[in-house]
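Each chain is listed here by its residues.
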Amino acid sequence: MTAARVSIQNQDFDLSAEIAALRAGDARVGAVCSFVGTVRDRNEGDAVSSMELEHYPGMTEKSIEAIIDKAVERFGIFGARVIHRIGLLQPMDQIVLVAVTSAHRGKSFEACEYIMDYLKSEAPFWKKEQTEQGARWVDARVSDEDALARWK
């Protein structure tokens, strides 16, 4: 059985265990690149006490699988693992993991950034922050959209 490439989950993840599983038994791997995103305690100048993430079950996983397929085709990576948390998170909690393997570092860096740019701009997640001013929904930033546009 093949390990899952995409997990949407409430529980935290162990970076070391995920990287070990992604590399396991693949002697072709010469590079591993990973990105872990965390909840910040400030956004747009306001203190953030928590963040709640929601998604569209089934659609979210399918869309992330499709972007991984594109990364495999575009960059020739060997493997990829994306974990995205949902539910109520606090500042400093891990939100997302993107990890990829390839023969060389350049392709791993590019593929990791490509997948992350997609997640920030187009993946079907909804984020709501709690601030002193109340709850507010978080949209993709212009800089996130610009980052994604360079891949097209």
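In the block above lies the structure referred to throughout.
Residues numbered from 1 in each chain as written. Predicted model: local features only at pLDDT ≥ 70, side-chain atom pairs only at ≥ 80, totals over all residues. Heavy atoms only, no water.

### Re helix 2 (residues 59-75)
Item 1. The first and last C-alpha atoms of helix 2 sit 24 Å apart over 17 residues, in line with the 24 Å expected at 1.5 Å per residue.
Item 2. Taken together, the buried positions of helix 2 are Thr60, Ser63, Ile64, Ile67, Ile68, Ala71 and Phe75. Projected down its long axis, helix 2 shows its buried positions confined to an angular sector of 140 degrees, all on one face. Across helix 2 from its buried face, at more than 90 degrees, point the exposed residues Lys62 and Glu73. (Helix = DSSP H or I, 4+ residues; strand = E, 2+ residues; numbered from the N terminus. Expected span 1.5 Å × (residues − 1). Buried < 20%, exposed > 50% of the residue type's maximum accessible area, 1.4 Å probe, protein only. Arc of directions from axis to C-beta.)

### Observations concerning the packing of helix 2 against helix 3 (residues 105-121)
Item 1. At a minimum axis distance of 10 Å, the contact between helix 2 and helix 3 shows a crossing angle of 150 degrees. Classed by the angle they form, the pair helix 2 and helix 3 counts as roughly antiparallel. For the element pair helix 2 and helix 3, the recorded crossing hand is right-handed. Of the residues in helix 3, those in contact with Ser63, Ile64, Ile67, Ile68, Lys70, Ala71, Arg74 and Phe75 of helix 2 are Lys107, Glu110, Ala111, Tyr114, Ile115, Tyr118 and Leu119.
Item 2. Partitioned by chemical class, the residues of the contact of helix 2 with helix 3 number ten nonpolar, one polar and four charged. (Axes fitted to C-alpha atoms, helices over the stretch in contact; angles between N-to-C directions. Parallel < 35°, antiparallel > 145°, perpendicular 65-115°, else oblique. Left-handed = near helix turned anticlockwise from the far one by under 90°. Contact = heavy atoms within 4.5 Å. Nonpolar A, V, L, I, M, F, W, Y, C, P; charged D, E, K, R; others polar.)

### Focus on the state of the cysteines
Item 1. Within this structure, the stated rule accounts for zero disulfides.
Item 2. Unpaired in terms of disulfides, Cys33 finds its nearest cysteine sulfur in Cys112, a separation of 4.0 Å.
Item 3. Residue Cys33 is classed as buried on the basis of its relative accessible area, which comes to 9%.
Item 4. Its relative accessible area of 4% is what places Cys112 among the buried residues. (Disulfide = S-S within 2.5 Å.)

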